[in-house]
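Analysis of the macromolecular model
The primary structure of each chain is shown beneath.
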Number of protein chains: 2
Amino acid sequence: MHLLITNDDGIYAKGIRVLAKELSMIAKITLVAPDRERSATGHAITVHYPLRVEPVSVDGAADAYAVDGTPSDCVKLSLEALLPDKPTMVISGINRGPNLGTDILYSGTVSAAVEGIIHGVPSFAISLDCFDDGPYYDVAAAIAKKVVLKINEHGLPPGVLLNINVPTVPTEKLRGIKITTLGTRRYRNVFDKRVDPRGRTYYWLAGDVIDLDDDIDTDTMAVKDGFVSITPVHFDLTDYRVMEQLKNWDLTI
Amino acid sequence: MHLLITNDDGIYAKGIRVLAKELSMIAKITLVAPDRERSATGHAITVHYPLRVEPVSVDGAADAYAVDGTPSDCVKLSLEALLPDKPTMVISGINRGPNLGTDILYSGTVSAAVEGIIHGVPSFAISLDCFDDGPYYDVAAAIAKKVVLKINEHGLPPGVLLNINVPTVPTEKLRGIKITTLGTRRYRNVFDKRVDPRGRTYYWLAGDVIDLDDDIDTDTMAVKDGFVSITPVHFDLTDYRVMEQLKNWDLTI
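Every value quoted in this text rests on a predicted model; they were computed, and no experiment measured them.

About the thresholds
Residues numbered from 1 in each chain as written. Chains lettered and ligands numbered in written order. Predicted model: local features only at pLDDT ≥ 70, side-chain atom pairs only at ≥ 80, totals over all residues. Contact = placed C-beta atoms within 7 Å. Helix = DSSP H or I, 4+ residues; strand = E, 2+ residues; numbered from the N terminus. Nonpolar A, V, L, I, M, F, W, Y, C, P; charged D, E, K, R; others polar. Axes fitted to C-alpha atoms, helices over the stretch in contact; angles between N-to-C directions. Parallel < 35°, antiparallel > 145°, perpendicular 65-115°, else oblique. Left-handed = near helix turned anticlockwise from the far one by under 90°. pLDDT = per-residue confidence, 0-100. Least-squares fit on C-alpha atoms with pLDDT ≥ 70 in both.

**A word on the interface of chain A and chain B**
In this complex, chain A contributes 58 residues to the contact, which on the side of chain B involves 58 residues. Among the elements of the structure, α2 (71-82), α3 (108-118), α4 (137-154), β8 (177-179), β10 (191-195), β11 (201-205), β13 (228-234) and α6 (240-247) of chain A are those that each provide at least two residues to the side of chain A that touches chain B. Residues of the side of chain A that touches chain B, tallied by class, amount to 36 nonpolar, 15 polar and seven charged.

What follows is the structure, encoded as structure tokens:
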């Protein structure tokens, strides 16, 4: 197996390094990741300036490159230009912080896996529900290894990625693995309005998460309840049901 | 009606100005748009620096603001901080260049409309199939006006936006309006590898579009055939069918 690993916290982040080392026990590893943090980039790609690629050294990786672009850039560039052959899988993570529910629309971590499936490579994103470099990246890395082996055994249907979130607890405290749906997240007090020393207004994006779900099958609830959450995510965005309704609108030009 | 209009070409682009002027005939208009071009930003939001908002003057708009952020930032900031009341609709465009098929994942224009529906406001994105400031923005603006009136009459189901693409032809040459599915776009020769004057390699994202569809119901084919394409787009990304398969994987920790 040959695994392409990327992330959105940057190639020097703890999560990607723990992941590379763990997965190097079962596969050849190539790391291609942003040269710095790129979180909340969504599915951005770089079109207005060229991308530079620097070889770096990472424990466990056969090859590793830092790219001055987004996670999606890293995967696209790897699959179209850097790698001589298609990798077996694309893996994005381990992200510092969860990527749950509707928030995945903003996630650079998840969008890297989307880029993988656009290119026909089985892909998953994995995130840890903590915002620091705490001790539980090893727990998430062990789960990633298990999922790699399972995907290698069963395959994944085309156009479907797995979005995995791991609670921040030791392995023995995990309640199990749960197959989930994406929940709904909203934020309270989203913008913090301030005035700079020159009297000009500016806005910081902030806000507390409100999970709107009380459905225990959602990813948000599963992680809160101490389960590893695995959601199959597709990108067939056409709403076929609504197509029929729209055909009844009188839309002549 | 009160319409919030944004785009990803920036507040000084021709498309948004033609749109604002046309829609001001039927509604109060607020423009909140990026201060410069932000194409291919996907659903990026700005979390690492604060956003600044400058009032500007735009023909037809009651209020207009330039924001140093992405299209998604503009809508989020408008709905959470700038506007005293929810607008009737969010409209993103008129984009210079099409947003068709799988490409909408990279589209700042479409992601602004996604942000609208996340906030429960009926939203659509509208793009013109040309890459210059040619004469047909008026044609697209007239179609936008028609769609605004239809949405006002029929409503849109929650969580569904409309993605509209208009061919670059005069109104009398349009073959009609077609309700479509998202097609599949791939690119050939995606990265152009070059060497800089100091001998370092860099990569430009490039490539020719290959439309893989021969299905006449796709947006890519409809626009090629001279129809205005309207695709209803949803964001229920959970793949429920694959959930059942995954439950049969032996995923114990």
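**A closer look at the packing of helix α1 (residues 14-23) of chain A against α4(A)**
Residue and element names in this part refer to chain A. For the pair α1 and α4, the least separation of the axes is 9 Å and the interaxial angle reads 45°. Classified by the angle their axes make, α1 and α4 are oblique. The hand of the α1/α4 crossing is right-handed. In this structure, α1 contributes K14, G15, V18, L19, E22 and L23 to the contact, and α4 contributes Y137, D138, A141, A142, A144, K145 and V148. Along the lines of polarity and charge, the residues of the contact of α1 with α4 split into eight nonpolar, one polar and four charged.

**Remarks on unusual backbone geometry**
Residue and element names in this part refer to chain A. Of the consecutive residues G93 and I94, the connecting peptide bond is found in the cis state with omega at -5°. Structurally, I94 is set in strand β5 (residues 89-96). Here A40, not a glycine, exhibits a phi torsion of approximately 60°, which is positive. Within the element layout of this structure, A40 appears in the loop between β2 (28-34) and β3 (53-55).

**Some details on the confidence of the model for chain A**
For chain A, the mean per-residue pLDDT works out to 94, and 100% of the residues sit at or above 70. Confidence estimates for the predicted assembly give a pTM of 0.94 and an ipTM of 0.92.

**Observations concerning the relation of the copies chain A and chain B**
Aligned on chain B, chain A shows an RMSD of 0.0 Å; the corresponding rotation is 180° and the shift along the axis is 0.0 Å. Such values leave the two copies arranged in the relation of a two-fold axis. Of the interface residues in chain A, 100% have counterparts in chain B that sit at the interface too, so the contact is made through matching surfaces.

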